[in-house]
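# Structural description and commentary
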Amino acid sequence: MHPPIEVAGRWIKRYHVTSDPAGIAPEVQSAAYAILPELLPEPDGTPPATFVVLHRGGDDGAYLNAYSWVWDNVLHFRGAAAGQPVLDCPDDDPSHFVTTDRPWIGCVWELPPILHERDAWVRHVLARRAPEVPDLDAYLTDSVAEGTTGDRS
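Figured I'd write up the structure that's included with this text. (Residues numbered from 1 in each chain as written. Predicted model: local features only at pLDDT ≥ 70, side-chain atom pairs only at ≥ 80, totals over all residues. Heavy atoms only, no water.)

## Here we look at the overall build of the protein chain
Convention followed: The way it works is that DSSP assigns letters per residue, a run of H or I at least four long becomes a helix, a run of E at least two long becomes a strand, and they are numbered from the N terminus. The quantity called the radius of gyration is restricted to C-alpha atoms. Its globule counterpart is 2.2 Å times the number of residues to the power 0.38.
Within the protein chain, the secondary structure is distributed over 3 helices and 6 strands. Going from the N terminus to the C terminus, the protein chain shows its helices and strands as β-β-α-β-β-β-β-α-α. In summary, the protein chain has a C-alpha radius of gyration of 15 Å against a globular reference of 15 Å for 153 residues, a match within 12%. Expressed along its principal axes, the backbone C-alpha trace of the protein chain runs to roughly 50 × 35 × 25 Å.

Encoded structure:
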């Protein structure tokens, strides 16, 4: 599990997807998180939380999907890619991220965190229990268990 980080006033929960047992290279991670401010929405009074999926493909591609909570219960999406010519990346460098304007929200390997994050948001932020204050800290610590995303059902 990668601990949450604060970027541009938002708390970011982080998921990594890769088939490489060594994980995602530090230079790819750094480049992905450097472009993250461009993917975040303006504050709107919703607790400032986002979750990201950083995916290093089996080819030269790397993908960063940013899912931000807005308007209390709506999921805002923006993405970036690197090293993938089909997505208008300028080269095959997996650390040269550019924003994308495709309406795609993620591939099958990137989607498992969405279900968990939806349920965690309801549980910790939207559920009307005493106290009736959203518990952002509890949300930030409630993450998908470690492991691969391919075998989740």
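## Quick notes on the pattern of salt bridges
Worth spelling out the cut-off: Here, a salt bridge means any Lys or Arg side-chain nitrogen found within 4 Å of an Asp or Glu carboxyl oxygen. The rule is simple: take the accessible area with a 1.4 Å probe, protein chains only, and divide by the maximum for that residue type; under 20% is buried, over 50% is exposed, in between is partly exposed.
In the structure shown here, the tally under the stated rule is 3 salt bridges. The partner of K13 in a salt bridge is E117, with the nearest N and O atoms 2.9 Å apart. Residue K13 is located in strand β2 (residues 10-18), and its partner E117 is located in helix α2 (residues 112-126); the two are separated by 104 residues in the primary sequence. Here K13 matches E117 in class, with each residue buried. Put simply, D119 and R118 hold a salt bridge, and the shortest N to O gap is 2.7 Å.

## Comments concerning the pairing of strand β3 (residues 49-56)
Stated formally: One requirement defines pairing of two strands: DSSP has to find at least two bridges between them. When the strands point away from the viewer and the path from the first strand over the helix to the second turns clockwise, the crossover is right-handed.
Extensive coverage of β3 is indicated by the burial of 7 of its 8 residues. In this structure, β2 lies alongside β3, joined through 8 bridges in parallel fashion. Within the sheet, the bridge partner assigned to Y15 lies in β3 and is V53. With helix α1 (residues 26-35) bridging β2 and its parallel neighbour β3, the resulting β-α-β unit is left-handed. Taken together, the 7 bridges between β3 and strand β4 (residues 62-70) define a ladder with antiparallel strand orientation. When the bridges of β4 are listed, V53 appears paired with N65. Here β3 folds back onto β4, and the loop between the two strands holds 5 residues.

## Let's talk about α2
Threshold: Expected span of a helix, by definition, is 1.5 Å for each gap between consecutive residues, and there is one gap fewer than residues. It is the directions from the helix axis to the C-beta atoms whose arc is reported. Contacts are assigned to residue pairs with any non-hydrogen atoms lying within 4.5 Å of each other.
With 15 residues, α2 should cover 21 Å at 1.5 Å per step; its first-to-last C-alpha distance of 21 Å lies within 8% of that length. Along α2, the positions that sit buried rather than exposed are P113, I114, H116, E117, A120, W121, H124 and V125. For α2, the arc enclosing every buried residue in end-on projection is 160°, short of the 170-degree limit, so these residues lie on one face. Buried residues belonging to α2 abut β2, β3, β4, β5 (74-82) and α3 (136-141).

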